[in-house]
Amino acid sequence: MAAVGGEEVKLLGAWPSPFVMRPRIALNLKGVGYEFLEEVFGVKSELLLKSNPVYKKIPVLIHAGKPICESMIIVQYIDEVWAAKGSAILPADPYDRALHRFWAVYIDDKWFPSLSGISRAQTEEAKAEAVEQVFAGLKLLEEAFEKCSKGKGFFGGDTIGYLDIALGCYLGWLKVTEKMTGIKFLDEEKTPLLVGWGERFCADDAVKGVMPETNKLMEFFKVLQAKFKAASAK
Amino acid sequence: MENTLAGIKLFGSWASSYTHRVQLVLKLKGLDFEYVEEELTNKSPSLLLYNPVYKKVPVLLHLDRPIVESVIILQYIDETWTDRPIMPADPYERALARFWCYFADDKLGPAVGAVFGSAGEDQKAAVAQVHENLKLVETELREGAFKGRRFFGGDAIGILDIVLGCGSYWLAVFDEVMEVKLVDPEAFPLFHAWLREFEEQEEVKEIIPAIDRLLEYARGIRQMMLGLKDASTTPATTAATTTTTTDNSSVVVESAGSV
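Residues numbered from 1 in each chain as written. Chains lettered and ligands numbered in written order. Predicted model: local features only at pLDDT ≥ 70, side-chain atom pairs only at ≥ 80, totals over all residues. Heavy atoms only, no water.

The name given to chain A in an unreviewed UniProt entry is glutathione transferase, with the source organism recorded as Cocos nucifera. Reading the Sequence similarities (unreviewed entry) entry of the UniProt record for chain A gives the comment "Belongs to the GST superfamily. Tau family." Looking at chain A in UniProt, the text filed under Catalytic activity (unreviewed entry) is "RX + glutathione = an S-substituted glutathione + a halide anion + H(+)". (UniProt positions renumbered as here; feature names shortened; annotations may be inferred.)

All names here are of chain B. Pairing analysis gives four bridges linking strand β1 (residues 8-12) to strand β2 (residues 34-37), with the strands arranged parallel. What sits directly across from K9, in β2, is E34. For the crossover from β1 across helix α1 (residues 17-28) to β2, the handedness is right-handed. (Pairing = 2+ DSSP bridges. Helix = DSSP H or I, 4+ residues; strand = E, 2+ residues; numbered from the N terminus. Right-handed = clockwise from strand over helix to strand, strands pointing away.)

By size, the foremost hydrophobic cluster in this structure holds 159 residues, and its most contacted members are I25 and W111 of chain A together with L60, I77 and F191 of chain B. Dropping the residues within four chain positions of it, W111 of chain A is found in contact with Y106, Q133, V134, G137, L138, L141, L167, Y170 and L174 of chain A. (Core = buried A, V, L, I, M, F, W, Y, C linked by side-chain atoms within 4.5 Å. Buried < 20%, exposed > 50% of the residue type's maximum accessible area, 1.4 Å probe, protein only. Contact = heavy atoms within 4.5 Å.)

Another point: the sheet that holds strand β4 (residues 66-69) of chain A. Backbone hydrogen bonds hold the strands of a sheet together, and the pairing may be parallel or antiparallel. Residue and element names in this part refer to chain A. The sheet built from four strands is open, its strands ordered β2-β1-β3-β4 with mixed pairing. Two strands lie at the open edges of the sheet, namely β2 (35-38) and β4, each paired on one side alone. Taken over all neighbouring pairs, the strand axes of this sheet differ in orientation by 25 degrees on average, direction set aside. When strand β1 (residues 9-13) meets β2, the two strands line up parallel, connected through four bridges. Pairing of L12 across the sheet is with L37, part of β2. Most of the contacts of helix α1 (residues 18-30) go to β1, to which it runs at about 155 degrees, and overall it touches β1, β2 and β3 (60-63). (Axes fitted to C-alpha atoms, helices over the stretch in contact; angles between N-to-C directions.)

Structural data, given as structure tokens:
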């Protein structure tokens, strides 16, 4: 698929991965076509190992033959290369940019690990602590939303921005965790702004086609859990 | 002059490589700022107010608004005061710089910290990990993205030099304090050469503390940690002991570049 100057855009990824969703949303926001190369679960392709020798992880964007790694770095790259197309992903103001970057780091560093920690918890205590951390994080993100959105529909304002992408990609997994635990994490009473935002995000054209269905994710998650249990039983 | 009205305040710690990163870029850009030294074992109310999520240094205060996380601060400074840029102009170069900055704090820094926080066989494994990470950087210098460059940023130091450089001085300190060999000039000739060039820069010399101070600091904490290790009974409790008993060990690990 050709893009700016006719250079090919390829994306190495896998449909369940929230990290892979991020560059896909960014490319959609910019109206840039790309070839999606789906990695087979459990097997890393030659191309992946060659393109990301340091981490050997998806997503990897390959633009005009050059690889770019790390999902949010790819998102910034897309924003800068195709700055003239679609809507801006990072805000213009340096302070707003710092806020978006900070919360994106927090989400990956602290918040999502506590979310995925719920299913990995070995004791009820550990599980309860992880649950509490997820709620505490959502409270912080609700405040961040109020600050960043400035009354508009997204962290990025009128359109989906960097922080929307950073957090929104986890909504599928959040829903899976809600189903598995019976706990309502995105609660109207606790974080009303995030609830509204979540619905708007998932309904957006740039997101709709790449956000996996919760049921499909559930199935995939059960397969993962079975593999994890089998591996730890050995 | 715009610089004297910049209204910048920096909360930092003298031995924190993350703080040095910010001090270095402010110096490169010729920006005046007020500096507040934080005692990491006794953090000020201001620090906790401005960085409630991580409670760490450095914190930059500009126009009364806090910015935290050193690489985010660096980019904020670069985007606000655009003279003498530290980020490359080309989007692919920018992605590369960001990637290796991420690698520095995600992999290399913690690996170096692990060397400091361990002994015996564990330390050998930690040293091997550092070497693996340095090898990746060396490869990029030799035949990859940064081939033939004086600095990662090209002819002048850029964001990646600042991020990797402020922290790499711990390598020589640890080599001496613990008799390990982290940066072998034979195994990593280009990295070694780059580090020497970096440390020769005037601005860098003015920012990085004297090696004697760093040695004394590292020795003190290392001794204390080893003392704690002797007091514990099993290897499993050692890791817990060093991180929970005193803030100092986490201070050095933080200073040395652990996340």
